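Fold and contact review
The residues making up each chain are set out below.
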Amino acid sequence: MTTLNLKDEAARRGVPRIGEPRRCQELEPNHLYEIYMDEFDNEFIIRRGILTIVTGDGKVF
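Residues numbered from 1 in each chain as written. Predicted model: local features only at pLDDT ≥ 70, side-chain atom pairs only at ≥ 80, totals over all residues. Heavy atoms only, no water.

Considering the environment of Arg-22
Turning to its location among the elements, Arg-22 is positioned in strand 1 (residues 22–23). It is 6.2 Å that separates the C-alpha atoms of Arg-22 and Asp-38, two residues lying 16 residues apart in sequence. Residues in contact with Arg-22, not counting those within four places in the same chain, are Ile-35, Tyr-36, Met-37, Asp-38 and Glu-39. (Helix = DSSP H or I, 4+ residues; strand = E, 2+ residues; numbered from the N terminus. Contact = heavy atoms within 4.5 Å.)

Below, the structure is given as structure tokens:
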């Protein structure tokens, strides 16, 4: 999934503030995960093709 797709999906889900996602491989526990973070501390977690977005204040989208 590209960062553009991550931003589009976050907007569709109603995330209030969306920055530029960057890959954070040091946070990935194993090969099943891809984790991205943006400057608003939003966390984009992709596990087995399923995206979960956790905002900096803890809301899950």
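Focus on the side chain of Asn-42
Of note, Asn-42 is situated in the loop between strand 2 (33–37) and strand 3 (43–47). With residues near it in sequence (within four places) discarded, Asn-42 still touches Val-15, Arg-17, Ile-18, Tyr-36, Met-37, Val-54, Thr-55 and Gly-56.

Describing the side chain of Thr-55
Structurally, the position occupied by Thr-55 is in the segment after strand 4 (50–54). For Thr-55, a relative accessible area of 7% translates into the label buried. Engagement of the side chain of Thr-55 in a polar contact is seen with the side chain of Asp-57, the distance being 2.4 Å. Residue contacts for Thr-55: discarding those within four places in its chain leaves Val-15, Asp-41, Asn-42 and Phe-61. (Buried < 20%, exposed > 50% of the residue type's maximum accessible area, 1.4 Å probe, protein only. Polar contact = N/O pair within 3.5 Å; in protein donor to acceptor, adjacent residues only side chain to side chain.)

Re the sheet that holds strand 3
Spatially, the four strands line up as an open sheet ordered 1-2-3-4, and their pairing is antiparallel. On the outer flanks of this sheet lie strand 1 and strand 4, each paired with one strand and no other. Pairing analysis gives five bridges linking strand 3 to strand 4, with the strands arranged antiparallel. Residue pairing across strands places Glu-43 opposite Val-54, the latter belonging to strand 4. (Pairing = 2+ DSSP bridges.)

Notes on the pairing of strand 3
With five bridges connecting them, strand 2 and strand 3 associate as antiparallel partners. Bridging from a neighbouring strand, Met-37 pairs with Glu-43 of strand 3. Counted along the chain from strand 2 to the antiparallel partner strand 3, the turn is five residues long, and its residue Asp-41 has a positive phi close to 65 degrees.

Considering the nonpolar core
Formed by Leu-6, Ala-10, Val-15, Tyr-36, Phe-44, Ile-46, Leu-51 and Ile-53, the largest nonpolar core amounts to eight residues. Only helix 1 (3–13), strand 3 and strand 4 provide two or more residues apiece to this core. Beyond its immediate stretch of four places on either side in the chain, Leu-51 contacts Met-1, Leu-6, Glu-9, Arg-13, Phe-44, Ile-45 and Ile-46. (Core = buried A, V, L, I, M, F, W, Y, C linked by side-chain atoms within 4.5 Å.)

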